[in-house]
Each structure stands twice: as structure tokens, then as C-alpha cells.
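Chain by chain, the residues run as shown.
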Amino acid sequence: MKTIKGPAVFLAQFMDDKPPFNSLDGLCGWARDLGYKGIQIPTWETRLIDLKLAGESKTYCDELKGKIADYGLEITELSTHLQGQLVAVHPAYDLMFDNFAPDDCKNNPAKRTEWARQQLLSAARASKHLGLKAHATFSGALMWHMWHPWPQLPTGLVEMGFKELADRWLPLLDEFKDNGVAVCYEIHPGEDLHDGVTFERFLAATGNHEAVNILYDPSHFVLQQLDYITYIDHYHEFIKAFHVKDSEFNPTGKKGAYGGYGDWKDRAGRYRSLGDGQIDYKTVFSKLTEYGCDVWAVMEWECVIKSPEQGAREGAKFISDHIIEATTKRFDDFAGAEIDKEKLKKILGL
């Protein structure tokens, strides 16, 4: 068993144009004062990191790591959620996902994909320079619009989709493997990797590539009505990153999992601040600890009701209260005694 590290916080949703949320120093001081011990860095935020330079310069990474350490914090992982999304975009989503790309890549899907690839390659090298062993990202999606098979899917379409997705990722996975970093795909609606079955299909399509791993976030499974506890039983060996976010599913006679195209606050499934939703985090932390998952517990704030400031304040304590100090002692050791082989034979009647 292994004690989970934390609490940590994903900085993406807290970025703002106002202090302290508009700079690395400001956010580090804010996170430290709330009791966080780690930060997960969204690499598309140039106010926090120059990803290209980080991939090229160990000196730059040492200085970045040192600045963060001065606040008593560690980097848990780098995140390329937005760039990973752009590795695979179905044309139906081109205009909307152009928002994630630099201006010189907009209206040019091929150039946008190549930019995303280079970002991932930089992230692999930067992670090594920073001494990180895991990386957080999205898989992108070529087939998400087909998740409900109507019209019926032609035979071989899904297999071809996963092969294409794997082909796009394999050179990137090789780079992460060469740098000793696990690629942790957040299993998430909107991605081709959105549950256990799709993770397994992608893993198989990559030839069981050892860099393919999981960022576990049970909030997305509540919205899918997937058993997020037994998911850990199935995939614990792949869980190398962990987002702690709450959610709830409250279906009515008018709406369910599909949501009726509603805004987040009007949907049956919606994200909540820690402790305000339905997730049994006591069991989640117990399972991850029992299986020895070597992860940071990273708070991600996405709530339709509570402010991010309150969510962050409460989140640090919530995670701290749920972290289990893994035991190194059996509770019944006091009743044990040294027994040699001859005594064992006598106990067995041999």
C-alpha cells in the first residue's frame, strides 16, 4: 500500500487577469496559503510556463522548479489537455476547437494538429527535465459524435477510428516512454477515451504501449452512470494521475444523462465542489491506497453553484481529511509469535 500525496490543485480554472491569479508567483502564494502542497500546471498558460523552452532547457526547468519550491510546493504534473484534444479533431468540431489553437493555426486543421504534436513532444521532454513521472492530457476524438449508434455504424468503422487515433499518438507515446513519463489520459466525455472499454480498445490499438495510462476522475463516471469504484479494481495498475472533483446525477421525468442541451446548472448530471456531490471519496481514497497507486490527489474545481475561491479553500481540507496514511503494521501483530518450521508442522498435525 502507498500513501497518496497531496493536497494539490489544478491551476487551469483559477487563471484570471486579476492578482493573485494572473501570475505563477501569485498563484503559488495563494495555493500555499490555502494548504496545498502541489500544483498541476496547464501548459497552454504562457504566464505559468514556456513549454517549448521547458522542453529544450534543463536550466529553465531547474529555475522554474526552484521558484515553485520556494513556496513550499511541488509540480505534480504538467497538463496538455487542450493540446491533446487537438491531436485528433473530427471536422465537425473544427471551428469550435480552433479556439484552443494559436491564431496562425486557425482555419488550418493540418497545421493545428502539427502544432499540438510539437507541444506534446515538448511536454515529454519538459516533464523529464522537471523530474516528473506522469503527464495529464486528453486523447482527442475522431468518433465521439458516433457514441450513440444511429444511424447504425458500418462494420469496421470503430476499429479504423481507433487505429487512426493510435497512429497519431504512437510517435508521441514513444517520446514519453523514452523520457520515462507516463501519459495519463483523462477518461472523459467528449474524448474517444471516455470509459473502460474505450481505454482498452485504444490500449490494444497501440500494441499495449507501456506509456498509455489513466488520469482517474470519478466525477465523469457519475455523469455516465458508470461504476467508478469497480473501475479502480479493473484499472488500478494504469492509474498514474488523479483528479479530485465531485459531481451529481439527478434525473427527472424530463431530463437524464443526455441533458437536453441545457446549461450546466440545468443538467441532470453536473459537477460540484468537493463534498457537495454524490461521490464516495472515502471509498475512492481507500481503494487507491490499498492498490498502492502512486498518485497526487489534485483538486479540480468545476462547480455550477459555489465560487472557485470557496471551492479551493474547502478543497484543500477535504483532500487532507481523506488522505490515508498507509499502515506498515498489522493490527494483530501484538498477538503474533515467532514460530519455527517444526512448530508449524505440529500446528498442521504433520
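Above: the structure in question.
Only a predicted model underlies this, so the values are computations on that prediction, with no experimental measurement involved.

This next bit is on the nonpolar core. With 93 residues, the main nonpolar core has Ile39, Trp169, Tyr216, Phe242 and Val284 as its most contacted residues. Looking at which element gives the most residues to this core, the answer is helix 7 (residues 157-178), with eight residues. When near neighbours in sequence (up to four residues on either side) are disregarded, valine 284 contacts Tyr216, Tyr228, Ile229, Ile232, Phe242 and Ile279. Residues Ala134, Ala182, Cys184 and Ala241 belong to the second largest nonpolar core, which totals six residues.

In this fold, histidine 209 is placed in the loop between helix 8 (196-205) and strand 6 (212-216). Overall, histidine 209 belongs to the buried group, its relative accessible area being 10%. Excluding its chain neighbours within four sequence positions, the residues that come into contact with histidine 209 are Leu170, Leu173, Asp174, Lys177 and Leu203.

On to the packing of aromatic side chains. Enumeration according to the criterion identifies 20 aromatic pairs in this entry. Summarising the aromatic geometry, the rings of tryptophan 147 and tyrosine 258 are spaced 5.4 Å apart at their centres and angled 65 degrees between planes, so their arrangement reads as edge-to-face. Of the two residues, tryptophan 147 sits in the loop between strand 4 (134-137) and helix 7 while tyrosine 258 sits in the loop between strand 8 (246-249) and strand 9 (269-272), which places them 111 residues apart along the sequence. What makes tyrosine 258 exposed here is its relative accessible area of 57%. Taken together, Phe199, Tyr216, Phe221, Tyr231, Tyr235, Phe238, Phe242, Tyr281, Phe285 and Phe318 form an aromatic cluster joined through their ring pairs.

About the cut-offs
Residues numbered from 1 in each chain as written. Predicted model: local features only at pLDDT ≥ 70, side-chain atom pairs only at ≥ 80, totals over all residues. Heavy atoms only, no water. Core = buried A, V, L, I, M, F, W, Y, C linked by side-chain atoms within 4.5 Å. Buried < 20%, exposed > 50% of the residue type's maximum accessible area, 1.4 Å probe, protein only. Helix = DSSP H or I, 4+ residues; strand = E, 2+ residues; numbered from the N terminus. Contact = heavy atoms within 4.5 Å. Phe/Tyr/Trp six-rings, centres within 6.5 Å; stacked < 30°, edge-to-face > 60°.

Geometry only, nothing functional implied.
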